[in-house]
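# Chain and residue survey
These are the residues of each chain, in order.
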Amino acid sequence: MPLVTLSDVLQPALQQGHAVAGLVTLGWEDMRAYVAAAEAENVPLILQAGPSCRDHTPLPVLGKMFRHLAEGAAVPVVAHLDHGYTPEECREALESGFTSLMFDGSRLPLQQNINETAAIAEMAHSAGISCEGEIGFVGYANGETSEGTDPDEAAQFARETKIDAMAISVGNVHLQENKDDGLDEPRIRAIEALTEVPLVIHGGSGVPMAQRQHLARTSKICKFNIGTELRMAFGQALRAAVNSDPSRFDRVQILKDTHDPLVAATRAVLRGFKGEDQC
C-alpha cells in the first residue's frame, strides 16, 4: 500500500470517533515493529521522524525507509516530519518523500507563528501533502515548562494557517515517563468548540490509557504522539536480549530479539486509540 497523507487518516478519524498513533521512530527496528503492530491491529499508522531521529539518520534516508515499509504494508502509512523548525528542513523532508510536515513555531510570537506555519502549509499543499502546526508550547519533563493553548488563539491559528492538524498544549508534556496526570479536558472542549481541525496531542506517553481512549472516541483529538513509552519498551527488550547471552556479539541477532516484545507493546498502544466500531 502506498504512503498516504496525514489528512487521509485524520479526517476519517475525526468523522468516525477514533485516533491515529503518531509513533516516534529512531531506527529500522522500531519502524518495522510499528508497522507489524499496525497490521496486526488493522489500523493506519503515522511514522514520525523527530529531531533526535534526524540527528542520527539523514532525512533522505528516512524517507526511503518509510516509503519502503509503506509500500509493503497492508495498512495506510503516513511519513511524517515531527518538529520541523525551519523552512529548509521542511522542504528537505518534502523532497525526501514525506507526506506530512509538522512545523513547530510554538516558541514564536503568535503572529510570527501564524505567518511561518501558513507558509509551510502552502508549500505542503502545493505538493499534495499535509501540514501540522502547533499553538501553545508543549514543554518537556525536567525541562522547559508548558504554556497552555488559548482557545481564541487556537481558532485564529487554525483559520489563518489552513493547517490540516493542530497540536495543542493542554497539560501534555514531552518525554513523560509516568502517566500520573491527565489532560485538561475543559481546555480541550473550549478549543474544539471554536475549530473544526483535527487536534493533536504531543507527549502522549504521559496521558493515562483510559483518558486516551475516552478522548479518541469523544473529542476532536485525532492524533496522539507516542515516543517515550515505546522507547522504554525497546530499551527493556534490548537490555534483556544483551543480558541473555553475554557471549553473543552479533548485533543483528541481538536486535532480532527486540522485535516481538516491541510489537506487543505497540499493539497495546494502538488498541487504546480504536473507536467502538474498530474493536
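Heads up: these notes are all about the structure in this document. Remember, predicted model here, so these are calculated numbers, not experimental data.

Parameters at a glance
Once a new chain begins, its residue numbering starts again from 1 and follows that chain's sequence as written. Under the rules for a predicted model, residues below a pLDDT of 70 receive no local features and side-chain atom pairs below 80 are neither given nor counted, while totals for whole chains, interfaces and linings still include all residues. Hydrogen atoms and water are omitted, and side-chain values are computed over all heavy atoms in the structure. By the criteria applied, helices consist of DSSP H or I runs no shorter than four residues and strands consist of E runs no shorter than two, each listed in order from the N terminus. The rule is simple: take the accessible area with a 1.4 Å probe, protein chains only, and divide by the maximum for that residue type; under 20% is buried, over 50% is exposed, in between is partly exposed. Pairs of residues are marked as contacts when any of their non-hydrogen atoms sit within 4.5 Å. With residues, only the protein chains shown are counted as cover, and all accessible areas are computed by Shrake-Rupley using a 1.4 Å probe. Counting rule applied: Lys, Arg positive; Asp, Glu negative; His and chain ends not counted. In this description, the location of a charge corresponds to atom NZ of lysine, CZ of arginine, CG of aspartate or CD of glutamate. By definition here, a helix of n residues has an expected span of 1.5 Å times n minus one. Throughout, the arc means the angular range of directions from the helix axis out to the C-beta atoms. In this text, buried Ala, Val, Leu, Ile, Met, Phe, Trp, Tyr and Cys residues form a nonpolar core when linked through side-chain atoms within 4.5 Å. A pair is scored as a salt bridge if a Lys or Arg side-chain nitrogen falls within 4 Å of a carboxyl oxygen belonging to Asp or Glu.

### Remarks on the overall build of the chain
When its secondary structure is counted, the chain shows twelve helices and nine strands. The principal-axis extent of the C-alpha atoms belonging to the chain is close to 60 × 40 × 40 Å. Counting across all 279 residues of the chain, residues that qualify as buried make up 54%. Expressed as a percentage of contacts within the chain between residues at least 6 apart in sequence, the contacts between residues at least 24 apart total 72%. Accessible surface, the chain: about 11,800 Å² in total, of which carbon and sulfur atoms supply 51%. Charged side chains in the chain number 23 positive and 38 negative. The centres of these two groups are separated by 5 Å.

### Describing helix α2 (residues 28-41)
Taking 1.5 Å of rise per residue, the 14 residues of α2 would be expected to cover 20 Å, and the 20 Å separating its terminal C-alpha atoms lies within 8% of that figure. Looking at α2, one finds that the buried residues are D30, M31, A33, Y34, V35, A37, A38 and E41. Here the buried face of α2 lies against β2 (20-25), β3 (45-49), α4 (59-72), α10 (228-244) and α12 (259-271). After α2 finishes, the residue N42 shows a positive phi value of roughly 55 degrees.

### Describing helix α8 (residues 185-192)
One turn of an α-helix holds 3.6 residues; hence residues three or four places apart share an orientation. Looking at α8, one finds that the buried residues are I188, I191 and E192. All buried residues of α8 project into a common sector of 90 degrees when viewed along the axis, lining one side. Looking at the packing, one finds that the buried side of α8 touches α7 (151-161), β7 (165-168), β8 (199-201), α9 (209-218) and β9 (221-226).

### Some points on the nonpolar core
Counting residues in hydrophobic clusters, the biggest one holds 67 residues, and the most contacted among them are F98, L101 and M166. Other than its neighbours up to four places away in sequence, M166 contacts G133, I135, A154, F157, A158, I191, T195, V197, P198, L199 and V200. Formed by 13 residues, the second largest nonpolar core is a distinct cluster that contains L6, L10, A165 and C222.

### A look at the pattern of salt bridges
A complete count under the given rule lists eleven salt bridges for this structure. A salt bridge links E229 to R212; the nearest nitrogen and oxygen atoms lie 2.5 Å apart. With E229 in helix α10 and R212 in helix α9, this residue pair connects regions lying 17 residues apart in the sequence. Side by side, E229 and R212 carry an identical accessibility label, which is buried.

Structural measurements only, silent on function.
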